[in-house]
Amino acid sequence: MNAAEPRRASAPVSFAAYRGELREGHAFLLHARLLLGVVLMVMVTNGLDQGWSSVLLPVHAKENLGGARDLGLLAAVFGGCALLGALLYAAVGHRFRRRVLFTVAFLICGLPRFVVAAVADGTVPLAVTMAAGGLAAGMLNPILTTVMYERVPEQLRSRVTSATTAGVLMTTPLGGLAAGYLVEQAGLAAALLTLGALYFLTTLAPAVFPCWREMDGPVVGDGVPGVSSSGPSRPSPANAATPPRP
């Protein structure tokens, strides 16, 4: 089957060609307002999520809950509900405006878990909160993936996806360090509330900045206004989205 065979590049692979393609993907990213907004927002939330999962939640489970058993339970609840949320979006997500659903989902999966962990006793309140947060989180990447395939030209998709994936993961190593420092200096409750407040402010971006309205905007041609299906060799100032990992 010819369709299943790998495609071979017409030009030989070289560092210069790789560098040019990498530069093209980053240039497209810098000119795409919606895509750039996604990268900046998820860059922050990924760092905060890393602080939550690698430091805050384990410390909370050790000091206030049942240790590793409850930590595993909470992680399983969140992950299982995230899968359910993705399936739910696949079934009924098309009935809602993407920007509204994306904003509400991010608000649900962000701040509440930090607040509940800081002020509520026991595993059950946090498990319920993380179940709701998992359902909401499962809808995020399907929304961004859909927008990416609509708005990024096929010939630029791998380059833009590479640039955005690298961008949204830049702060991940710093999240754990920042969370550990806050716990050591200010205590667990203060660290939870501080990072939760940062998460909340970050997730307000789709409701505040006008570029996010383009998430529901019309798609022209190959996904980019003024770009033909054959695609340009240079990025145009279009708007796009890609599936960063929230």
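What you see is a predicted model, and the numbers here were worked out from it, not measured in a lab.

1. Here's the deal with helix H8 (residues 157-168)
Right, on to step 1. Taking 1.5 Å of rise per residue, the 12 residues of H8 would be expected to cover 16 Å, and the 16 Å separating its terminal C-alpha atoms lies within 8% of that figure.
Right, on to step 2. Within the span of H8, buried status applies to Arg 157, Val 160, Ala 163, Thr 164, Gly 167 and Val 168. Each buried residue of H8 sits inside an arc of 140 degrees when the element is viewed along its axis, so together they form one side.
Right, on to step 3. If you follow the buried residues of H8, they end up packed against helix H1 (15-31), helix H2 (33-64), helix H7 (140-151) and helix H9 (172-186).

2. A closer look at the pattern of salt bridges
Right, on to step 1. Taken as a whole, this structure holds six salt bridges when the rule is applied.
Right, on to step 2. Across the pair Arg 159 and Glu 24 runs a salt bridge whose closest N-O atoms are separated by 2.1 Å. A residue pair is termed long-range when its members are at least 10 positions apart, and Arg 159 in helix H8 and Glu 24 in helix H1 qualify at 135 residues.
Right, on to step 3. A relative accessible area of 23% means that Arg 159 is categorised as partly exposed.

3. Concerning the nonpolar core
Right, on to step 1. Of all hydrophobic cores here, the largest spans 54 residues; its most connected members are Trp 52, Leu 56, Phe 102, Leu 126, Trp 212 and Met 215.
Right, on to step 2. Excluding its chain neighbours within four sequence positions, the residues that come into contact with Met 215 are Leu 34, Arg 98, Arg 99, Phe 102, Ile 143, Leu 144 and Val 147.

4. Examining the environment of Asp 121
Right, on to step 1. Inspection of the secondary structure puts Asp 121 in the loop between helix H5 (111-119) and helix H6 (123-137).
Right, on to step 2. A relative accessible area of 71% means that Asp 121 is categorised as exposed.
Right, on to step 3. For the pair Asp 121 and Leu 65, spaced 56 residues apart in sequence, the C-alpha separation works out to 8.2 Å.

What counts, and at which threshold
Residues numbered from 1 in each chain as written. Predicted model: local features only at pLDDT ≥ 70, side-chain atom pairs only at ≥ 80, totals over all residues. Heavy atoms only, no water. Helix = DSSP H or I, 4+ residues; strand = E, 2+ residues; numbered from the N terminus. Expected span 1.5 Å × (residues − 1). Buried < 20%, exposed > 50% of the residue type's maximum accessible area, 1.4 Å probe, protein only. Arc of directions from axis to C-beta. Contact = heavy atoms within 4.5 Å. Salt bridge = Lys/Arg side-chain N within 4 Å of Asp/Glu carboxyl O. Core = buried A, V, L, I, M, F, W, Y, C linked by side-chain atoms within 4.5 Å.

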